[in-house]
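# Observations on chain architecture
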Amino acid sequence: MTVYVANAPGEDYNSEHPSGYDSWIDYWNKKRYPGTNKKASRCRNCGTEAKDLDDGEIEGGHVEYCEKISNGKWYYNKAKGIYITPLCSECNNPNNTAVFTVDDSDLIKIP
Ligand SMILES: [Zn+2]
């Protein structure tokens with residue numbers, strides 16, 4: 001199912017990734033594709049393919065569910081928690097507040 005998300009604002013969500021993982025994107029790769037060596041292939045915001053980027057430029061971005069409210073503004077639904085999704089380093093920027101769509105199967109909740 002397609003859902004709306006945006007970079008999680010405010011708090012320091014770039015905190016330490018869980019032990020046993022090399023990074024947040026390693027956490028996403030292993031949770032999304034368990035038992036395989038499959039890795040995120042593209043930025044879920046702008047669609048840039050990993051093969052067109054340098055190593056490490058697909059990052060585990062922290063996002064929140066967004067919902068449109070009656071005045072046309074976006075509401076960040078913090079109650080649903082924080083999720084990791086693959087973003088290029090350009091899109092994985094806290095100053096980038098654009099709402100974008102992802103398939104909810106590409107959202108991995110942080111512990
Ligand atoms: Zn991107």
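Since this is a predicted model, take the numbers as computed values, not measurements.

As a further point, take the overall build of the protein. If you tally the helices and strands in the protein, you get one helix and six strands. Its helices and strands in sequence order give the protein the pattern β-α-β-β-β-β-β, from N to C terminus. In terms of its C-alpha atoms, the protein occupies a principal-axis envelope of roughly 45 × 30 × 25 Å. Each of the 111 residues in the protein was classed as buried or not, and the buried ones make up 27%. Long-range contacts, defined as pairs at least 24 residues apart, comprise 71% of the intrachain contacts of the protein with a sequence gap of at least 6.

What follows deals with the pairing of strand β4 (residues 83–88). Most of β4 sits out of view: six of its six residues are buried. Residue alternation in β4 divides its side chains into two sets, Y83, T85 and L87 and I84, P86 and C88, and both sets are buried. By the bridge criterion, six bridges tie strand β2 (residues 58–68) to β4 in an arrangement that is antiparallel. Bridging across to β4, H62 finds its partner in I84. Of the strand pairs in this sheet, β4 and strand β6 (residues 108–109) are connected by two bridges, and their pairing is antiparallel. Its bridge partner lying in β6, Y83 is registered against K109.

Right, let's talk about the nonpolar core for a bit. Counting 18 residues, the largest nonpolar core has V5, I25, W28, C43, I58 and C88 as its most contacted members. When contributions to this core are tallied by element, the ones reaching two or more residues are α1 (24–32), β2 and β4. Ignoring anything within four residues of it in the chain, the contact list for I25 reads A40, I58, E59, G60 and P86.

Further remarks concern the confidence of the model for the protein. A residue-level look at the protein finds 95% of positions with pLDDT of 70 or above and a mean pLDDT of 91. Taking the mean pLDDT of every element in the protein, the minimum, 91, falls on strand β3 (residues 74–76) and the maximum, 97, on strand β5 (residues 100–103).

On to the environment of R32, then. Among the secondary structure elements, R32 is positioned in helix α1. Here the alpha-carbon distance between R32 and A79, two residues 47 residues apart in the chain, equals 22 Å. Apart from the residues within four sequence positions on either side, R32 is in contact with D106 and I108.

Following the sequence through the fold, D26 ends up in helix α1. With 16 C-beta atoms packed within 10 Å, D26 lands in the partly exposed category. Remark: the alpha-carbon pair of D26 and C43, spanning 17 residues in sequence, is separated by 14 Å.

Conventions used here
Residues numbered from 1 in each chain as written. Predicted model: local features only at pLDDT ≥ 70, side-chain atom pairs only at ≥ 80, totals over all residues. Helix = DSSP H or I, 4+ residues; strand = E, 2+ residues; numbered from the N terminus. Buried ≥ 20, exposed ≤ 12 C-beta atoms within 10 Å, placed from the backbone. Contact = placed C-beta atoms within 7 Å. Pairing = 2+ DSSP bridges. Core = buried A, V, L, I, M, F, W, Y, C linked by C-beta atoms within 7 Å. pLDDT = per-residue confidence, 0-100.

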